[in-house]
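# Structural characterization, general
Here are the chains, one letter per residue:
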Amino acid sequence: MTIHRVAGHRGTGGLDGVVAAETALSHVDGENGILIIAGEAVADLAKTSSFEGVTARLWAAASETPITEAEVRAQLGKARERAFARLPQILAAAEGLSLVDGFRAGIAALQAEPGLSPKAAIMGAMPVIVGALARQAKGEAPVKPDATLSHAMDSLRMLHGRAIAPREAAALDAYFVTVSDHGMNASTFAARVVASTQADLFSAVTAAYCALTGPLHGGAPEPVLEMLNAIGSRERIKPWIDAALARGDRLMGFGHRIYRVRDPRADVLKTAIEKLAANHADLPFAADVEAYAREALKRKNPERALDTNVEFFTAILLDALAIPRAAFTPIFATARAAGWTAHAREQQLHGRLLRPQSHYVGPMP
Ligand code: ACO
């Protein structure tokens, strides 16, 4: 079991409360547990929109140029095919690396494609790369994309190498929509810093992915499953959580810099899991772990509200879709790339070079 401790920090409080950009893309109201993406509350968006639809809204809001869901779907399909044609080059860049690191090398190896926008080229390549790397790890050949399918369905197909049931595709699509964008989170900020130098979109998205991989951000779902496995049974929930908190460990899937109440995305994902597998065996156990963890965190930190975050139910949803744990962060990136590409574009069009200052606390000459 990985132990997650965070060293004491200095000075700026992690830029807490600093407004770093104006954006038309998404809004996080942490006090009230509200997330608005491109003008819609996340729960409504997950009911009414596909991932391609949300991507169209985000891209349109960033560049003030309308684009339809059908156009996004066609562009992403074409981009998946292009990326597949480039796979030998991409896989060579990822050789010998773990899936999470290989994915980083793979997206860093991407380049502009004639007839495709850079944002489509990047987003289309992501599920091709994660599918190929995950299959390669099992000694299996990559699966050719099918441009006629939705991004979610084809992503699963390229991972599993079989036809995907509509309810499986719907669950992944709901996840993609739910995590497509989320205000000025660390990876989006990284994308905007790079884009603010007028560097290209490939560089901005690679930087964003690097920021996502840490366990305090997008790397938490795998440790969430490790935690659920380590707890193992109902009787062990209380002693296990009490001991972890007494040691000073962080409970993965809990706490958030902005939310002071339950992350609104947690319920959207819980509903998606229920629709996917009505009697999902892990769900009641996970709900018990969640309930006790919330109670114990409240007791331990009465002044700092710590509640369930999106990663807790992400872990269960992605596991129920038989996505390998090592692929969780690249799959998160596949969805969040909608936000990253839109934020990078918005920054390039409307922003100024991001260049904060530091306060020197070292010795003087
Ligand atoms: N478990 C136990 N204690 C916690 C947790 C947790 N999950 N999160 C915060 N705390 C405690 C800290 O130890 C600290 O206590 P202290 O003041 O006694 O030292 C206090 O709460 C405040 O913590 P901060 O580090 O200031 O909180 P911050 O806003 O920097 O961190 C974060 C937010 C990184 C998400 C944190 O809650 C955490 O580490 N959670 C676990 C990892 C996780 O779930 N990551 C996914 C986040 S969601 C996403 O990015 C998509």
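Check the entry above for the structure.
Our subject in this report is the structure included herewith.

Calculation rules
Residues numbered from 1 in each chain as written. Predicted model: local features only at pLDDT ≥ 70, side-chain atom pairs only at ≥ 80, totals over all residues. Heavy atoms only, no water. Helix = DSSP H or I, 4+ residues; strand = E, 2+ residues; numbered from the N terminus. Rg over C-alpha atoms; globule rule 2.2 N^0.38 Å. Buried < 20%, exposed > 50% of the residue type's maximum accessible area, 1.4 Å probe, protein only. Phe/Tyr/Trp six-rings, centres within 6.5 Å; stacked < 30°, edge-to-face > 60°. Lys NZ or Arg CZ within 6 Å of the ring centre and 35° of its normal. Near = heavy atom within 4 Å. Polar contact = N/O pair within 3.5 Å; in protein donor to acceptor, adjacent residues only side chain to side chain. 1 Å grid on protein atoms, 1.4 Å probe; cavity = no way out; pocket = protein on both sides within 12 Å on 5 of 7 lines; lining within 4 Å. Points joined across faces, edges and corners; volume = space filled by probe spheres on them. Salt bridge = Lys/Arg side-chain N within 4 Å of Asp/Glu carboxyl O. Contact = heavy atoms within 4.5 Å.

## Some details on the overall build of the protein chain
The helix and strand tally for the protein chain stands at 16 helices and three strands. Computed over C-alpha atoms, the radius of gyration of the protein chain comes to 20 Å, within 12% of the 21 Å expected from 2.2 N^0.38 for 365 residues, which places it in the range of a compact globule. In terms of overall dimensions, the protein chain has a C-alpha envelope of 60 × 55 × 40 Å along the principal axes. Out of the 365 residues belonging to the protein chain, those deemed buried represent 50%.

## Section: the packing of aromatic side chains
Under the criterion given, the structure shown has five aromatic pairs. Centroid distance Tyr-175 to Phe-176: 6.2 Å. Interplanar angle 50°. Geometry classified as tilted. Of the two residues, Tyr-175 and Phe-176, neither departs from the other in class, the shared state being buried. Measuring from ring centre to ring centre gives 5.2 Å for Phe-254 and Phe-312, while their planes differ by 55°; the resulting arrangement is tilted. Placement of the pair is Phe-254 in the loop between α12 (237-247) and α13 (264-276) and Phe-312 in helix α15 (residues 310-320), with a sequence separation of 58 residues. In this pair, the class of Phe-254 matches that of Phe-312, namely buried. One aromatic cluster is present, built from ring pairs that chain together Phe-51, Tyr-175 and Phe-176. In this structure, Lys-119 is placed above the aromatic ring of Trp-59, and the distance from its NZ or CZ to the ring centre is 4.8 Å.

## A few points about the site of the ligand
Taken together, 22 residues sit near the ligand, with Leu-251, Gly-253, Phe-254, Arg-257 and Asn-309 positioned nearest. A distance of 2.9 Å is found between an oxygen atom of the ligand and a side-chain nitrogen or oxygen belonging to His-217.

## Let's talk about empty space enclosed by the protein
Inspection of every chain in the model, using the stated rule, returns two cavities of 30 Å³ or more. Taken as a whole, the second largest cavity spans an internal volume of roughly 50 Å³. Along the walls of the second largest cavity sit Ala-79, Arg-82, Ala-83, Arg-86, Ile-90, Leu-110, Gln-111, Glu-113, Leu-116, Ala-121 and Ala-125, which together make up its complete lining. Sorting the residues of the lining of the second largest cavity by element identifies α3 (69-85) and α6 (118-137) as the ones contributing at least two each.

## Let's talk about unusual backbone geometry
Positive phi outside glycine occurs at Glu-64, with the angle close to 55°. Structurally, Glu-64 is set in the loop between α2 (51-63) and α3. Since its relative accessible area comes to 62%, Glu-64 is described here as exposed. Phi angles above zero are rare outside glycine, and Ala-322 is one such case at about 60°. Mapped onto the elements of the fold, Ala-322 is located in the loop between α15 and α16 (328-350).

## A few points about the pattern of salt bridges
Tallied over the full model, the rule gives 18 salt bridges. Put simply, Glu-113 and Arg-86 hold a salt bridge, and the shortest N to O gap is 2.4 Å. In this pair, Glu-113 is assigned in the loop between α5 (99-108) and α6 and Arg-86 in the loop between α3 and α4 (87-94), connecting sequence segments 27 residues apart. This pair shows no difference in class: Glu-113 is buried, exactly as Arg-86 is.

## What about the environment of Thr-334?
Counting through the fold element by element, Thr-334 comes out in helix α16. Ignoring any residue separated from it by four or fewer positions in sequence, one finds Thr-334 in contact with Phe-51, Met-123, Met-126, Pro-127, Val-130, His-151 and Phe-176. A distance of 2.8 Å separates a polar atom in the side chain of Thr-334 from the backbone oxygen of Pro-330.

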